[in-house]
Amino acid sequence: MMIDICDSYEEMSRKATDIVVENLRQHRDLMLCAATGGTPTRMYELLADEYTDSPDLFSGLNVIKLDEWGGIPMNHAGTCESYLQQYVIYPLTVSSKRYISFQSDPENPKEECLRVQSLLNNRVIDICILGIGINGHIAFNEPADFLHTGCHVAELSEKSLQHPMVSSEEEKPKYGLTLGMRDILNSKLIILLINGIKKKEITKALLSEEITTRLPASFLWLHPNVICLIDKDAVDTA
Ligand code: PGA
């Protein structure tokens, strides 16, 4: 894992944007796996600025949604779908043919995971954008005795349910739909973004390089091509 400590959230976001743009220049129809949440927002805004300057660069971009809150309607303000539509799909004009997405309210959540898995099995994720939960999760691979390889229905931890995307909503998600650890670790390049004081404790644990299912992000140490951009507020300098 290549660790790069950045002076600010802006610098972290700019560096991530530059990496994605550079890869797009080499490979226009690349598959980007997109996390949601507060961390990648500025990066997506910067990508939208790039789109304004060079829309052709994005004309073949494919996107797969990393995870989704389950049991709430797709158009609910807190879904990953609403977020991605606002920050990625609409601003970068990603057509439905180039977008793979979990439904948030499927009749059968397990079948929905199998559907996304079958779409993913024929593809390679070129760049996977990840954030980290305050509990160490990546996507909805939550800390547990064991982790899952593929797309699955996840039991959400208390900490995940406190996430700002859904914490103030009356209608709470009942479960998560998520790519599994193998799906993430099969990505050619992973960009892990970490920012903010609230991530200090988990960043310290991650940087200890101890691999444990209690900190799913620690498995990223096993991947040969991870760039971890951390803003300095999330780093314990004590
Ligand atoms: P955040 O969420 O980017 O809003 O901090 C990350 C996560 O919980 O996975």
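Residues numbered from 1 in each chain as written. Predicted model: local features only at pLDDT ≥ 70, side-chain atom pairs only at ≥ 80, totals over all residues. Heavy atoms only, no water.

Enquirer: Help me understand the sheet that holds strand β7 (residues 152-154) in this model?
Expert: Strand pairing in a sheet relies on backbone hydrogen bonds, with the paired strands running either antiparallel or parallel. Taken together, the three strands give an open sheet; going across it, the order is β4-β8-β7, and neighbouring strands pair in antiparallel fashion. Of all strands in the sheet, those with a lone pairing partner are β4 (67-70) and β7, marking the two edges. Going across the sheet, the axis of each strand differs from the next one's by a mean of 25°, ignoring polarity. Relative to strand β8 (residues 175-178), β4 runs antiparallel, the two sharing four bridges. Across the sheet, W69 pairs through a bridge with G176, a residue of β8. (Pairing = 2+ DSSP bridges. Helix = DSSP H or I, 4+ residues; strand = E, 2+ residues; numbered from the N terminus. Axes fitted to C-alpha atoms, helices over the stretch in contact; angles between N-to-C directions.)

Enquirer: What's the story with the site of the ligand in this structure? I'm lost.
Expert: Within the structure, the ligand sits among G37, G38, T39, I132, G133, H137, H163 and K199. The separation between an oxygen atom of the ligand and a polar side-chain atom of H163 is 2.7 Å. Alone, the ligand offers 280 Å² of accessible surface; in the complex the protein occludes 87% of this. Across the shell around the ligand, the residue classes break down as one nonpolar, six polar and one charged. (Near = heavy atom within 4 Å. Polar contact = N/O pair within 3.5 Å; in protein donor to acceptor, adjacent residues only side chain to side chain. Areas by Shrake-Rupley, 256 points an atom, 1.4 Å probe, with all protein chains shown as cover. Nonpolar A, V, L, I, M, F, W, Y, C, P; charged D, E, K, R; others polar.)

Enquirer: Explain unusual backbone geometry here, please?
Expert: Trans is the prevailing form of peptide bonds, just as negative phi is the prevailing case for residues other than glycine. Unlike most non-glycine residues, T93 shows phi in positive territory, near 50°. By the element assignment, T93 lies in the loop between α3 (80-89) and β5 (99-100). For A139, which is not glycine, the phi torsion reads 50° and is therefore positive. Relative to the helices and strands, A139 is located in the loop between β6 (127-130) and β7. Taking the relative accessible area as the measure of exposure, A139 reaches 5% and is therefore buried. (Buried < 20%, exposed > 50% of the residue type's maximum accessible area, 1.4 Å probe, protein only.)

Enquirer: Hey, could you run me through the sheet that holds strand β1 (residues 2-6) in this one?
Expert: The parallel open sheet is built from seven strands, whose spatial order is β1-β10-β9-β6-β2-β3-β5. The open sheet has two edge strands with one neighbour each: β1 and β5. Sheet topology note: the strand β2 (residues 31-34)/β6 ladder contains two bridges and is parallel. Looking at β6, one finds that C33 is bridged to C128. This element, helix α7 (residues 200-207), spans β1, β9 (189-194) and β10 (226-231) of the sheet and lies at about 140° to β9. (Contact = heavy atoms within 4.5 Å.)

Enquirer: Which parts of the structure should I look at to understand α3?
Expert: Because each turn of an α-helix spans 3.6 residues, side chains separated by three or four positions in sequence point in the same direction. Of all 10 residues in α3, seven are buried, a share of seventy percent or more. Residues of α3 that are buried include every one of C80, E81, S82, Y83, L84, V88 and I89, and no others. Tucked inside the fold, the buried residues of α3 contact β2, α2 (41-53), β3 (62-65), β4 and β5.

Enquirer: What should I look at first to understand the packing of α2 against α3 in this one?
Expert: Packed helices, taken two at a time, are described by the angle their axes make and the gap between the axes. Remark: α2 packs on α3, axes separated minimally by 9 Å, with the N-to-C direction vectors making an angle of 40°. Regarding the angle of α2 to α3, the classification is oblique. Every residue of α3 that contacts α2 at T41, Y44 and E45 is listed here: Y83, Y87 and V88. When its residues are assigned to classes, the contact of α2 with α3 shows four nonpolar, one polar and one charged. (Parallel < 35°, antiparallel > 145°, perpendicular 65-115°, else oblique.)

Enquirer: I'm lost on the nonpolar core in this one. Help?
Expert: Inside soluble globular proteins, nonpolar side chains tend to come together where they are buried. The biggest cluster of nonpolar side chains holds 40 residues, and the ones touching the most others in it are L61, I129 and I191. For this core, the secondary structure elements donating two or more residues are α1 (9-26), β2, α2, α3, β6, β9 and β10. The element contributing the most residues to this core is α1, with six residues. Not counting the four nearest positions on each side in its chain, I191 is found in contact with A16, I19, V20, I127, C128, I129, L130, I227 and L229. C33, I64, A139 and L192 belong to the second largest nonpolar core, which has 37 residues in total. (Core = buried A, V, L, I, M, F, W, Y, C linked by side-chain atoms within 4.5 Å.)

These figures come from the coordinates and say nothing about function on their own.
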